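Observations on the three-dimensional arrangement
Chain residues, written in single-letter form:
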Amino acid sequence: MTTGLSPEGTPTATAAPGTLIRGHRLRIGLTQRELADLSTISVRAIRDLEKGKALRPRADTIRLIADGLRLGPRARAALEESVSRGHQGGAGRHLLPERCAPPVPLHPLIGREAEAAILAEELRSGAERLVTIVGLSGVGKTRLALETAARLHESGFPVLWHTAPGAVTDCLPAADEDPLADLVADCAAYLQGAGASAAYAATDPYGPAHGHRPGGASSSASPSSSGELPPVALAAALGDREALLVLDGVDTARFDFGRLTRLRRELPGLRLLLTADTPWNVPGERLFLLAPLDAPLPAGPAAPGAGADAPAVRFLLARLRRMRPELLPDEQTLAHTAWIAHRLDGHPLALAAAASWLSVCDLPTLRGIVETDPAAVLDHLADGHSGSRLRDRVARTLSALPPEQRNLLTALCAAQDTPAPDFGLDDVVRLTGRPLPDGGRMVRALLIGGVIRPSTDHGRSGFRVLCVVRAALAPADGTGATAAEAPAAAAPALAA
């Protein structure tokens, strides 16, 4: 075996392919762009090879790079031998996953400890391999996913995290550079049917060339930067290790079940955790409905401090004290906090927006505003886009509901004159005139959409339309159009 030195002084018997490529490139004075032009390999592929991200490059890729570098027979053979060692599982193969950690949350977890423990145990044990967290925007899906991922990472799982383009992030990256970020993005695109050349489509047994019709925007498979299909490349990076792949804020309607099947076949130890507005509805999916934080009906004057330990009250009090550190959790403060938390249904983003108003008013005044016009406090004074984002997304959720479900919500709001009305299955049957099983299905669909929440305020199992939804369904002006319809006046009106 040769013991000659690479251009960087590293023995070629142990040098990684990326080290050799970079050394040869620098020796002849080429930039990555110039080598890409000479070899017809993309700059990204060359960059990933040199950084050690592409662990299993194709033979054609290495041949073209060697041609671009004008390597002689001995240097070319050393490069090919280095690649072969990597395919056989070199010593550094599993070093990259060790550095894969979840992002760092910006705020502490409050009131979701039980949910996080359940999800972490189900995923860690392998009892569930595909979990989708669904709920209304701002309810805390990403924060719960972050906590679940952190617990699995502490138990030894590499965590691969991908945030969908356009999704709102409330966290910081775990490191300056995720070693597998590009590959994880490739996997997310692959699951959504991202396009590539026909040559790669022909190699995918779940592509159209083999009779499969994907659900994404394109019909062909997406190769990673190493030239392989993402499931194969990810399997090379992880080996037989158990790992967690988190896809945050994704559109499940674009996902392809056939490609999920291939991903799970290539990586039997992989767990998937998704956060989305709607479930994927595929075999093996564990649907996790995330309701707002628990916000029980405030106690009367006889017990003013009761309910102080409720998650929504603790969450709101923490946000209030960020605005007013001098605020003491005395009986009066707790009574106001519990009332506001209940009135806003424990919805975390609504509570955070309401707390921001403490910069311009005191707590009793804030309670008065919430009592008379709760929609007003949905605008976050310190971060204006948060309020508008919540209202816009609630409006989008409502507009996506079937007319029958939307009409039921409107009827439920109109039939009750209390600030936080509860309803039961019997009310749904009465208002819709449908059989009980149909009413149960409608309630389940509304729970999945996150527009209602369970309630036991009045000693029975019931449900409540969320305050943010009631605000969106309220008339926005004198025309009779609702606030949810106002941003989309050009869209067809739902049937009355």
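These lines cover the structure that appears in this document, whether it is placed above or below.

Rules used in this analysis
Residues numbered from 1 in each chain as written. Predicted model: local features only at pLDDT ≥ 70, side-chain atom pairs only at ≥ 80, totals over all residues. Heavy atoms only, no water. Helix = DSSP H or I, 4+ residues; strand = E, 2+ residues; numbered from the N terminus. Buried < 20%, exposed > 50% of the residue type's maximum accessible area, 1.4 Å probe, protein only. Phe/Tyr/Trp six-rings, centres within 6.5 Å; stacked < 30°, edge-to-face > 60°. Lys NZ or Arg CZ within 6 Å of the ring centre and 35° of its normal. Pairing = 2+ DSSP bridges. Right-handed = clockwise from strand over helix to strand, strands pointing away. Contact = heavy atoms within 4.5 Å. Axes fitted to C-alpha atoms, helices over the stretch in contact; angles between N-to-C directions. Core = buried A, V, L, I, M, F, W, Y, C linked by side-chain atoms within 4.5 Å. Salt bridge = Lys/Arg side-chain N within 4 Å of Asp/Glu carboxyl O. Disulfide = S-S within 2.5 Å. Patch = residues over 30% accessible without salt bridge, like charges linked within 9 Å, V, L, I, M, F, W, Y side chains within 5 Å. Areas by Shrake-Rupley, 256 points an atom, 1.4 Å probe, with all protein chains shown as cover.

Moving on, we come to the overall build of the chain. Helix and strand counts for the chain come out as 21 helices and 10 strands. Per-residue burial for the chain yields a buried fraction of 47% across its 496 residues.

Counted under the stated rule, the structure contains 2 aromatic pairs. Look at Phe255 and Trp280: their rings are 4.9 Å apart centre to centre, the planes differ by 80 degrees, and that puts the pair in the edge-to-face class. Of the two residues, Phe255 sits in the loop between strand E5 (243-248) and helix H12 (257-266) while Trp280 sits in the loop between strand E6 (270-276) and strand E7 (286-289), which places them 25 residues apart along the sequence. Summarising the burial analysis for this pair, Phe255 and Trp280 share the class buried. If you follow Arg259 out to its NZ or CZ, it ends over the ring of Tyr190, 4.8 Å from the centre.

Burial within E5 is extensive, with 6 of its 6 residues counted as buried. Burial along E5 is two-sided: Ala243, Leu245 and Leu247 and Leu244, Val246 and Asp248, pointing in opposite directions, are all buried. Note: strand E3 (residues 159-163) against E5, 5 bridges, orientation parallel. Residue pairing across strands places Thr163 opposite Asp248, the latter belonging to E5. Pairing geometry for E5 and E6, over 6 bridges, is parallel. When the bridges of E6 are listed, Val246 appears paired with Leu273. Note that the unit made of E5, H12 and E6 has a crossover that is right-handed.

This brings us to the sheet that holds strand E10 (residues 462-465). The strand order E8-E10-E9 describes an open sheet built from 3 strands, whose pairing is antiparallel. Two strands bound the open sheet, and with one partner strand each, they are strand E8 (422-423) and strand E9 (452-455). Two elements, E8 and E10, share 2 bridges in a ladder whose sense is antiparallel. If you follow Asp422 over to E10, its bridge partner there is Arg464. Across the sheet, helix H20 (residues 436-449) lies against E8, E9 and E10, angled at about 110 degrees from E9, the strand it touches most.

Here we come to the sheet that holds E5. Strand order in the open sheet formed by 5 strands is E3-E5-E6-E2-E7, and the pairing between neighbours is parallel. The sheet is open, and its two edges are formed by E3 and E7, each paired on a single side. Averaged over all neighbouring strand pairs, the angle between strand axes comes to 15 degrees, with direction disregarded.

All buried positions along helix H9 (residues 181-191) are accounted for by Leu183, Val184, Asp186, Cys187, Ala188, Tyr190 and Leu191. Next to the buried residues of H9 lie helix H3 (43-51), E3, helix H11 (230-238), E5, H12 and E6.

Formed by 52 residues in total, the largest nonpolar core has its most connected members in Leu344, Leu366, Leu398, Leu409, Ile452, Val468 and Val469. Listed in part, the 32 residues of the second largest apolar core include Cys100, Leu160, Ala188 and Val232.

Within the fold, Thr132 resides in strand E2 (residues 130-134). When neighbours within four sequence positions are excluded, Thr132 is seen to be in contact with Leu274, Ala276, Thr278, Pro279, Glu285, Arg286, Leu287 and Phe288.

Turning to the environment of Pro374, a few remarks are in order. Looking at the secondary structure, you find Pro374 in the loop between helix H16 (363-372) and helix H17 (384-400). Residue class for Pro374 comes out buried when judged on its relative accessible area of 12%. The contact partners of Pro374, leaving out residues within four places of it in the chain, are Arg343, Leu344, Ile369 and Cys467.

Summed over the entire model, instances satisfying the criterion amount to 20 salt bridges. Note that Glu121 and Arg124 form a salt bridge whose closest N and O atoms lie 3.0 Å from each other. Within this pair, Glu121 and its partner Arg124 are both found in helix H7 (residues 113-125), separated by 3 residues, close to a single helical turn. Take Glu121: its relative accessible area is 42%, and that puts it in the partly exposed class. The network of salt bridges with common partners includes Glu404, Arg434, Asp438 and Arg441.

Attention now goes to the state of the cysteines. The bond known as a disulfide is covalent and runs between the sulfur atoms of two cysteines. Throughout the structure, instances matching the rule amount to 0 disulfides. No disulfide involves Cys467; its sulfur sits 9.9 Å from that of Cys413, the nearest cysteine.

Residues Val104, Leu106 and Leu172 make up a contiguous nonpolar surface patch of roughly 250 Å² in combined accessible area. On the secondary structure map, Leu106 appears in the loop between strand E1 (104-105) and H7.

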